[in-house]
Structure formats: structure tokens, C-alpha cells
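Secondary and tertiary structure notes
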Amino acid sequence: MEQADIIIIGAGIMGLCTAQQIARRSALRVLVVEQGASLGLGSSGASSAVCRHRYTQDEMMMLARDGIHAYRHWPEFTGLPAPRATFHNTGALWINPAGKNWADVESQRMAAMDIRASVLDTAVLRERFPAINPCLTPPDLITGAGHACDSGSSFLFEEDAGYFDPVDALQDLAEAVTSAGVRISMHTSVARIITSGGSVTGIQLKDGRRIGAGMIVNATGPWCDRMLEPLGLAGRWPLSPVRIQVIHLNRPEAVQGTIPVVCDLVGGIYFREQNNGQQIVLGSTLEEDEREEVNPDSYRNWVDDHFKASKLHALQHRIPALPAHLGVTGYTGLYTVNTADVHPLVGPTEIEGLFVANGFSGHGFKAAPAIGSLLAQQLTGLQSDFDTRVSSDFLAFDRSPIPVDAHNVLA
Ligand SMILES: Cc1cc2nc3c(=O)[nH]c(=O)nc-3n(C[C@H](O)[C@H](O)[C@H](O)COP(=O)(O)OP(=O)(O)OC[C@H]3O[C@@H](n4cnc5c(N)ncnc54)[C@H](O)[C@@H]3O)c2cc1C
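This structure is a prediction, so every number in the text was calculated from the model and none was measured.

1. Concerning the domain arrangement of the protein
Each domain of the protein was delimited in the assignment, giving domain 1 (2-85 + 165-237 + 341-380) and domain 2 (92-159 + 240-338). Taken over C-alpha atoms, the centre of domain 1 sits 29 Å from the centre of domain 2. At the junction of the two partners, domain 1 supplies 28 residues and domain 2 supplies 27 residues. Both faces combined, the contact of domain 1 with domain 2 buries some 2300 Å², and carbon together with sulfur accounts for 55% of it. Three residues, Ser48, Arg54 and Pro222, lead the burial of domain 1 against domain 2; their summed loss comes to 25% of the area buried on that side. Linking domain 1 with domain 2 are three salt bridges. Here Arg109 makes a salt bridge to Asp58, at a shortest N to O gap of 2.7 Å. Connecting domain 1 to domain 2 are 19 residue pairs in polar contact (both at pLDDT 80 or more). Secondary structure elements with two or more residues in the side of domain 1 that touches domain 2: helix H2 (43-46), helix H3 (58-72) and helix H8 (224-228). A class-by-class count of the residues in the side of domain 1 that touches domain 2 yields 12 nonpolar, 10 polar and six charged.

2. Looking at the site of the ligand
Contacts to the ligand come from 38 residues, most closely from Glu34, Ser43, Ser44, Val50 and Lys366. One of the side-chain N or O atoms of Gln35 is found 3.0 Å from an oxygen atom in the ligand. Between the ligand and Lys366, the relevant distance is 2.8 Å, taken from an oxygen atom to a side-chain nitrogen or oxygen of the residue. When the ligand sits alone it has 1000 Å² of accessible area, and the protein chains cover 98% of it. For the shell around the ligand, the elements supplying multiple residues, two or more each, are helix H1 (13-23), H2, strand E14 (239-250), strand E18 (328-338) and helix H10 (364-380). Considered class by class, the residues forming the shell around the ligand number 19 nonpolar, 17 polar and two charged. Residue assignment places the shell around the ligand across two domains, with domain 1 (2-85 + 165-237 + 341-380) and domain 2 (92-159 + 240-338) each supplying three or more.

3. Section: the side chain of Arg54
Assignment of secondary structure puts Arg54 in the loop between strand E4 (50-51) and H3. Judged by its relative accessible area of 11%, Arg54 is buried. One polar contact links Arg54 to Glu106, side chain to side chain, over a distance of 3.1 Å.

Thresholds applied
- Residues numbered from 1 in each chain as written.
- Predicted model: local features only at pLDDT ≥ 70, side-chain atom pairs only at ≥ 80, totals over all residues.
- Heavy atoms only, no water.
- Domains from an automatic or database assignment.
- Contact = heavy atoms within 4.5 Å.
- Buried area = accessible area lost by both parts, 1.4 Å probe.
- Salt bridge = Lys/Arg side-chain N within 4 Å of Asp/Glu carboxyl O.
- Polar contact = N/O pair within 3.5 Å; in protein donor to acceptor, adjacent residues only side chain to side chain.
- Helix = DSSP H or I, 4+ residues; strand = E, 2+ residues; numbered from the N terminus.
- Nonpolar A, V, L, I, M, F, W, Y, C, P; charged D, E, K, R; others polar.
- Near = heavy atom within 4 Å.
- Areas by Shrake-Rupley, 256 points an atom, 1.4 Å probe, with all protein chains shown as cover.
- Buried < 20%, exposed > 50% of the residue type's maximum accessible area, 1.4 Å probe, protein only.

Now the structure itself:
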């Protein structure tokens, strides 16, 4: 029987970052198995890949910081002299009706974690980002009726935030880990994880073949419960694959200046530029848009008319230079939402040798290099540069749910 030291199931951003973090510190034989014929079949391929830091939990902010550090230093992290993916350092602007006090507190939290942030007043906002309307009065998303906009107050701005190229990142990681000796087996679907006496011993593929290993990482994204169920672990956490809609539009010439990543809590949207500012990517920050549970093998891959109309109305409120009638396209992807506390599960399980990296909702891309570091430290017992110092207890499989106020992508 074919044998590896560690099998990683799933070549999404979690599986490949974990492989890269292992390869950076050890010569263990790592095999990554991926059901897709090409990379990006799961959540990672559809990701908006926004890399910003602000979360309600300090540990999530540190994981975001440490993940973004790797994206910002991608050639060093991957060891590739000319990688395909680039970090687009646009910054991230938070527009929150909570105003000055919130922005002050959050910028101080960030400063304490060595995350660069500032508080912008309306005049500075208008100067730096002339396309952005500072209004804090919510748009009427039901009727679409307009209102007289106010002039806002204070805004949190993350200097070191931006976005990454998700599919290029997967390809870079595949190249990096392959040249470090990791094997990636594409078009290889795992039927089940094999155990004996409470320990993992390998995997069985859908074609019947078996591959042995003493350590297995379940990094199967929205399909994660299919691996956990036969082991009796699926009910432990409510991990739901949910359909997520995203809109793309061409940026009209009338929209002037730089567009940062914008987290618009007034309109319930986030957006960022794409293709060197020629396009805009637009999504939702609302919990109600993250709860449509679907079968990850077959779900509606178009954007609903209602979603399109309400999100575009919110965007037109935030960027008033956009014309009233916009031609847009859209697509859907999958979050894996841990509906208990919207935080992921990372690390060992009670089955000896079985590790999970599941339930990343809309937070996973930015944190993936740091999540890979958490797992690689646990799998190998070794440390490396680009490691996070966040405690592995924070996201442990046997933890209690984290009390959170926000049950959405901003948790
Ligand atoms: C529309 C959208 C926007 C997002 N925006 C952001 C964002 O702006 N910022 C951010 O930080 N995060 C964002 N996310 C979240 C982030 O993309 C995910 O958290 C992250 O990609 C999860 O990665 P993963 O590797 O766990 O899962 P996946 O990318 O889904 O990878 C899992 C892989 O496992 C494979 N697999 C599954 N079952 C098997 C099997 N039985 N055998 C072999 N292989 C298998 C799948 O084919 C897949 O390739 C977004 C997600 C979506 C969908």
C-alpha cells in the first residue's frame, strides 16, 4: 500500500498553506489529495480574498495579521522568485454608524497588536477617497428611495489591508510545495478516513485504492462533514455549506480616485477593486445572506435579482458617481459556516492522528497561512519563521463555543 507521513485532504487555501508550512520546517512525506481536476473548485477559488484585520476576537485579528504578513511577503513565504499572486495594498475603510468612539477604540486595539490603523475624519476621507460618500444614514434597501445624505463623522482605516489573487495563490502554493517534495494528487476523491483502535491509519479513495498515513488533515472545506460523519464527529459542531453571492461590475470612468476595500456597515455590503481598479467586486456583510444551506455538489450558481437590486442600491449610495442603471455579472461560492459561533475549528481531534481545519465562513482566506502554521506546529512539533503565536486552544475542536455578538462575516 502507498504510504505517506501526512495526508492532507483538500487542496484549497487551507490544505495548501498547511502543506507549505510543513514543507518550510520538515522533510516529512506529505501527500495532498484533491477531488477537483484543477485548483480552486471549493471556497478558495470563489473567494473575494479581502485581507483586513478587524474582528471582534483579538486572536482572530492576530491570525489575520499573521496570514496577511505572509501574503505581503509572498516571494519569501513561498520561496518562489516570481510568484503569480500579488498583494494589492489598497487599505481597508470601515464605515460604521457607531462613529468616532468605535473607530478610536478599534484603532487602539490594532495598535496594541502592531497593526497599522488610523482614524480619518470626513475631510480626510473625501480627500483620500473622493468617490466614497461618508453618509451614515442607511439607504432604504426595500423601496430604493433616496435620502438627503449626511456628512459622516470618523472612519477606521487599516493601512496594511488589501486583497490577494486567490487562484494565483493556489497555483503558487502548488508550485512551491511540489518543488519542496510534497506530492499533490489531483482528481483524487477520498471516500473515507480509515481508523483502527482509535487512530487514523489512512484513507480510502472513491476508486477503492487505499493510502496509509499516521496523520491526516481534513481540509475539505464545504465537504468537511462527509469526512467527519463516518467517524462520529459530524454532529459535534454545526458546519453548514452555505451559498454566497458576489457581484462584479465594470468601474465607470465617472468614479474617480482610489477605491480601498470598504466594509460598509451602514449598507450591509463590502466591496473592493479588481483588475487594477477597472472592476468592482461587491458582496454582503449581512447574516441573512449567509444562511442558505446547500449541497456543495449542486447549488444555484447565479445571483438572485433581489440580492442584485439591494446590494447595488447600497453601493450606489456609497459611490454616488455610479450610474442608476449598471450592467453587472455575478457568481456564487460556498462558505462553511460554524453556526454555533462563526469561528473555525483547527487542530487535533479525539481520534489520534486526525486534524481538522474546517468552518472558515468568510474569514478563511486572510488567515490561511497562519492556520497552516498552527497545524504545522502541531503536526511536526517544530517552529519556523512565518509562524503565528496565537494559542492553538483558541480554535481547538474540543473548545466551547466563543460568545460572539456578530454571527456574520464580520464576527
Ligand atoms: C464568495 C466568497 C467570498 C469570500 N471572501 C473572503 C474574503 O474576502 N476574505 C477571506 O478571508 N475569506 C473569504 N472567503 C472565505 C475563504 O475563501 C474560505 O474560508 C477559504 O477559501 C476556505 O478554504 P478551504 O481550503 O478550507 O476550503 P476550499 O477552498 O473549499 O477547499 C477544500 C478543497 O477540498 C476538496 N475536497 C473536498 N472533499 C474532498 C474529497 N472527498 N476528496 C478530495 N478532495 C476533496 C475540494 O475540492 C476543495 O478544493 C470567501 C469565500 C467565498 C465563497
